[in-house]
Amino acid sequence: MLIIRTRLIAAAMVLLAAFIVMGAGSLDAARAQSAAQPDDAALDTVTVDDAAPGFLTTVPCDALAGFTHERISCSYLHVRESDRGRQLMLAVAVVRARQADAVASPVVFLHGGPGGQIVRAARHFATMPINATRDVILFDQRGSGLSEPQDCQDASQAFLEMLAADLPASNSVQVQAAIEQRCHDEMINAGADLNGYGTAETVGDMDRLRRALGIEEWNLFGVSYGSTVALDYIRTHPEHTRAAVLDSVYPTSAPGGGDTATRNFVRALQQLYADCRRDDACRQAYPGLETSFLATLIALEREPLAIPVADRSLVPSGVFHLNAHDFASIIHQMMYARETISIVPMTIDRAARRDAQGLTGIVSVLAPLATRIDLPALLSVDCRERMLTRGRTIRDFDRLERFMRRHLTLFDTQDELCADWAPDFADPAFNEPVSSPVPAIFYSGANDPITPPSATREAFRLFPNGQYVHVLHTGHGVDRSHACIRDVTAAFLDDPTALVQDACVGSIAPIPFVTAVAPSSGVLPFATGILQLQMPFLIVSLAAGVLLAVIGGLWTLTSVLRSGYGRSPSSLTIGSAVSAGAGALVLIMFAGLLTLVVADTGASLTPTLLAFGVPEEAEILLSLPWAALAVTVLSLGLLIAAAARGGANTRPHTPIAVLLTGGILMLAVLWWLGFFARLPA
């Protein structure tokens, strides 16, 4: 846990200059934010008629994905949906190797889903070990991410509003089915061929991309559903596959649907309970975690919990009605990543105590996940390829699995919709297991809630030149969870025939379950607004407050000390100046120290702990805004009294007013963020 040290106070002062220039920096952030949506004017020159299928059309990365990078180039790959379908443009990013003279075969990264995306995250790959000596190629699969056309754009928000509404399970399934049916009809009316979406089609797109880039042989890197694409590519194009990295494997033979998802979720929950029992702090803080979770589901089924949500763009009603089905889905999503797994016991505890305010941050963090999967690709691919898989309907559920199946309803609509969504099911041969001599490394995470280690082992056994690495204390997507694994991946790609040196895997620490936190609703928006540059208005306001406080403080100091003013200022004026300066200094220190705390927890990238507050050791920080408020009120009162009496020297009143204005502006920003809201411990 974080330990606040005295030296941080000095370091916080160094941040003062950074806050002063944040106003200018925020303008760049605002431009980057606005560029996250493609600029229509910039893309008007790129149309489906400009290039024949299989050709690349260059497009600026800032227009396509909202970023620029000296080593990343962006383009569209033109393909046809099908012989009778629409023309599509697939978003592509190529991250050139850090070594300018690198000649190693490139890596093509295959995102999950179906319906995920990766081009927006291209800059992340620029610092990965695999990018040191080889290019990394990314593309958003058809129907996903930034690829065009982007169908059913309102479906994700409608789905989120359905989750937030106070609906029983049966009604939720009906509303979800209606959303998906509207999407289906919208695509049909737009001339889409829903049978043009599937793994075989994506594999065909990959090989078109390979030829367009002039690559003879490349390496595959597939995560989750991306491993399905990689396996099918290996089956159909082994001559162009040098090696493969298969992470959290979803084999072509694995069944889909809610039954399988429930069984995998229950397995991951049992792993979570065992991990918590082995952790002394977790065991003591959350005894009977399994019983608490089941009891909470029953309680939420009877009476949903109304959770306030400040961001109306996320939940227009301002209230997220958390029922049992929502809560099961939230915990399911939290089980994907190591960082969110660490907060699952506390989340269950807050829900069990019906702490609506304490869950506000978690809803704000996790609700947007509902908008990250593109519905057309998800349903088109799963309906065509997984609905006929053997073992999709499980008949030997135990009591716990039956209980959880009743609450994990996200997959229930597939049974109703798939027959009409894309009636031309894929070739049953697709579901046959893939066997290949291609060198491959297989990763599985012990806590994975959706692709269990058994699925990865099943695929691994059919690769005679494969290697298997099982990682404890990790969820879905092993490579992204640990620097150790990223190094192993890079070494494997350098020599796929050598035995990987994975000794570092044994040194991966257990999941650090969060058991103590100083609650504050302001920490999360501060972190996302300041460190992730998501709120330009916030940055400008805070920087303006700091700037006014600094100018006012220096002006006040010189005014009080200058002998040219004659008689000394009154004691009221001096008291007002001192208290105003103290308040502003405390606020600047608070902003600096909190920035260091957030950065030290790593939560600026995965703000799960910050959804609740700050580490308990940093609790003293949360008293600083209150102290600043007290001395600011005192300063304002003294200044008013000094002005009313006329004072011995009234000239310092104006600079003090400027100093106070800066402090009051900073306090207003902190109030708006929620730092003065009282939350239960």
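It should be noted that the structure appears before, not after, this text.
Residues numbered from 1 in each chain as written. Predicted model: local features only at pLDDT ≥ 70, side-chain atom pairs only at ≥ 80, totals over all residues. Heavy atoms only, no water.

Peer 1: Would you explain the nonpolar core in this entry?
Peer 2: The tendency in soluble globular proteins is for nonpolar side chains to be buried as a group. By size, the foremost hydrophobic cluster in this structure holds 141 residues, and its most contacted members are Phe320 and Ile331. Contacts of Ile331, omitting those with residues within four sequence positions, involve Phe265, Leu269, Phe293, Val344, Thr347 and Ile348. Counting 42 residues, the second-largest nonpolar core is a separate cluster that includes Cys61, Met89, Met128 and Leu138. (Core = buried A, V, L, I, M, F, W, Y, C linked by side-chain atoms within 4.5 Å. Buried < 20%, exposed > 50% of the residue type's maximum accessible area, 1.4 Å probe, protein only. Contact = heavy atoms within 4.5 Å.)

Peer 1: So what exactly am I meant to see when it comes to the packing of aromatic side chains here?
Peer 2: Given two aromatic rings, one states the distance between the centres and the angle between the planes to describe the pair. Enumeration according to the criterion identifies 10 aromatic pairs in this entry. For the pair Phe293 and Phe327, a centre-to-centre distance of 5.9 Å together with 55 degrees between the ring planes defines the contact as tilted. Of this pair, Phe293 sits in helix α12 (residues 289–302) while Phe327 sits in helix α13 (residues 324–334), and the two are 34 residues apart along the sequence. In this structure, Phe293 and Phe327 share a single accessibility class: buried. Relative to Phe676, the ring of Trp626 has its centre 5.0 Å away and its plane inclined at 85 degrees; by these criteria the two rings are edge-to-face. With Trp626 in helix α25 (residues 624–645) and Phe676 in the segment after α26 (653–673), this pair connects stretches of sequence that are 50 residues apart. Under the relative-accessibility criterion, Trp626 is labelled partly exposed at 34%. (Phe/Tyr/Trp six-rings, centres within 6.5 Å; stacked < 30°, edge-to-face > 60°. Helix = DSSP H or I, 4+ residues; strand = E, 2+ residues; numbered from the N terminus.)

Peer 1: Can you walk me through the state of the cysteines in this structure?
Peer 2: Disulfide: a covalent bond connecting the sulfur atoms of a pair of cysteines. The full count for this structure, using the stated rule, is five disulfides. Here Cys61 is linked by a disulfide to Cys74, with a sulfur-sulfur distance of 2.0 Å. Handedness here is read from the sign of the S-S torsion; for Cys61 and Cys74, about 105 degrees, the answer is right-handed. With Cys61 in helix α4 (residues 61–65) and Cys74 in strand β2 (residues 72–80), the pair connects residues that are 13 residues apart, well separated along the chain. Summarising the burial analysis for this pair, Cys61 and Cys74 share the class buried. The side chain of Cys276 participates in a disulfide bridge whose partner is Cys282; the two sulfur atoms lie 2.0 Å from each other. Between Cys276 and Cys282, the S-S dihedral sits near -95 degrees, and the bridge is therefore left-handed. Among the residues examined, Cys276 registers a relative accessible area of 3% and is labelled buried. When the cysteines engaged in disulfides are numbered in sequence order, the chain pairs them as 1-2, 3-4, 5-6, 7-8, 9-10. (Disulfide = S-S within 2.5 Å.)

Peer 1: Even after reading the chapter, I still don't get empty space enclosed by the protein, so can you show me in this structure?
Peer 2: Space left empty within the atom packing is revealed by a probe, the size of a water molecule, rolled over the atoms. Taken as a whole and judged by the stated rule, the model has seven cavities of 30 Å³ or more. Volume-wise, the largest cavity comes out at about 80 Å³. Breaking the lining of the largest cavity down by element, the ones donating at least two residues are α6 (155–164), α7 (169–189) and α13. Per-class residue counts for the lining of the largest cavity are five nonpolar, five polar and one charged. (1 Å grid on protein atoms, 1.4 Å probe; cavity = no way out; pocket = protein on both sides within 12 Å on 5 of 7 lines; lining within 4 Å. Points joined across faces, edges and corners; volume = space filled by probe spheres on them. Nonpolar A, V, L, I, M, F, W, Y, C, P; charged D, E, K, R; others polar.)

Peer 1: Where do I start with the pattern of salt bridges in this structure?
Peer 2: Opposite charge on two side chains permits pairing when their charged atoms draw close. Scanning the model with the defined rule gives 18 salt bridges in all. When the shortest N-O distance is used, the salt bridge between Asp193 and Arg84 registers 3.7 Å. A residue pair is termed long-range when its members are at least 10 positions apart, and Asp193 in the loop between α7 and α8 (199–212) and Arg84 in the loop between β2 and β3 (87–95) qualify at 109 residues. Since its relative accessible area comes to 62%, Arg84 is described here as exposed. When the shortest N-O distance is used, the salt bridge between Asp205 and Arg142 registers 2.9 Å. Of the two residues, Asp205 is situated in helix α8 and Arg142 in the loop between β5 (136–139) and α6; the sequence distance between them amounts to 63 residues. No difference in accessibility class separates Asp205 from Arg142, as the two residues are buried. Bridged by salt links that share partners, the residues Glu81, Arg86 and Asp151 form one connected network. (Salt bridge = Lys/Arg side-chain N within 4 Å of Asp/Glu carboxyl O.)

Peer 1: How should the sheet that holds strand β4 (residues 107–110) be read in this particular structure?
Peer 2: Strands pair in a sheet through their backbones, by hydrogen bonds, and they do so in one of two ways: parallel or antiparallel. Taken in spatial order, the nine strands line up as β1-β2-β3-β5-β4-β6-β7-β10-β11 in an open sheet, and their pairing is mixed. Strands with a single pairing partner mark the edges of an open sheet, and in this sheet they are β1 (56–59) and β11 (466–471). This sheet shows a mean twist of 20 degrees between the axes of neighbouring strands, independent of strand direction. As judged from the six bridges shared by strand β6 (residues 218–223) and strand β7 (residues 241–247), these two strands associate in the parallel manner. Each bridged residue has a counterpart across the sheet, and for Phe221 the counterpart in β7 is Val245. Running over the sheet, helix α9 (residues 225–236) touches β4, β6 and β7 and is turned about 145 degrees from β6. Sheet strands in contact with helix α21 (residues 483–494) are β4, β6, β7, β10 (440–445) and β11, and its direction is about 160 degrees off that of β7. (Pairing = 2+ DSSP bridges. Axes fitted to C-alpha atoms, helices over the stretch in contact; angles between N-to-C directions.)

Peer 1: Got a minute to help me understand unusual backbone geometry in this structure?
Peer 2: In terms of backbone geometry, most residues other than glycine have negative phi values and most peptide bonds are trans. At the junction of Gly113 and Pro114, the peptide bond is cis and its omega measures out at -5 degrees in the coordinates. The residue Pro114 is located in the loop between β4 and α5 (122–125) in this model. Cis peptide bonds are those with omega within 30 degrees of zero, and the linkage from Glu148 to Pro149 qualifies with -5 degrees. By the secondary structure assignment, Pro149 is in the loop between β5 and α6. Located in the positive-phi region is Ser248, a residue other than glycine, with phi close to 55 degrees. Along the polypeptide, Ser248 turns up in the loop between β7 and α10 (258–278). Positive phi, normally seen in glycine, also occurs at Arg354, with a value near 55 degrees.

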